[in-house]
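Close look at the chain arrangement
Spelled out, the chains give:
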Amino acid sequence: MPRVPPDHPVKQLRHNSPGKAAAEKKGTLAFCGTCGRYWDDGIATSMTPVPAGRCPFEYYHPKPQERPRRNSSRFLEGANR
Ligand SMILES: [Zn+2]
């Protein structure tokens, strides 16, 4: 997975970091299920707060080609019916 550069506008919160605990307390802790990164959605930047279901680190997500291709097998299953 690509690394987030240190000058990214949104600060990534590490596990057990004081920032993550503080955001959790405020109720503004956000989590991305795709990359597993945490951030404080309560801190306004050029990218946050993010719309629901979005991630400020999307650019640094694993590339879709690195994931297994499910669509092709689903297409074949449908064709056999
Ligand atoms: Zn993400």
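Refer to the structure above for everything that follows.
These notes cover the structure that comes with them.

Cut-off values and rules
- Residues numbered from 1 in each chain as written.
- Predicted model: local features only at pLDDT ≥ 70, side-chain atom pairs only at ≥ 80, totals over all residues.
- Pairing = 2+ DSSP bridges.
- Helix = DSSP H or I, 4+ residues; strand = E, 2+ residues; numbered from the N terminus.
- Buried ≥ 20, exposed ≤ 12 C-beta atoms within 10 Å, placed from the backbone.

**Points about the sheet that holds strand 1 (residues 12-13)**
Taken in spatial order, the three strands of this open sheet run 1-3-2, and their pairing is antiparallel. Edge positions in the sheet fall to strand 1 and strand 2 (29-31), since each has one partner strand and no second. Sheet topology places strand 1 next to strand 3 (residues 38-40); two bridges connect them, and they run antiparallel. Within strand 3, the residue paired with leucine 13 across the bridge is tyrosine 38.

**A closer look at unusual backbone geometry**
Looking along the chain, the bond that leaves threonine 48 and enters proline 49 is cis, with omega of -5°. Along the chain, proline 49 falls in the loop between strand 3 and helix 2 (71-80). Of note, asparagine 16 is a non-glycine position whose phi angle comes to about 65°, a positive value. With respect to the helices and strands, the residue asparagine 16 is situated in the loop between strand 1 and helix 1 (18-26). For asparagine 16, a count of 7 C-beta atoms within 10 Å corresponds to the exposed category.

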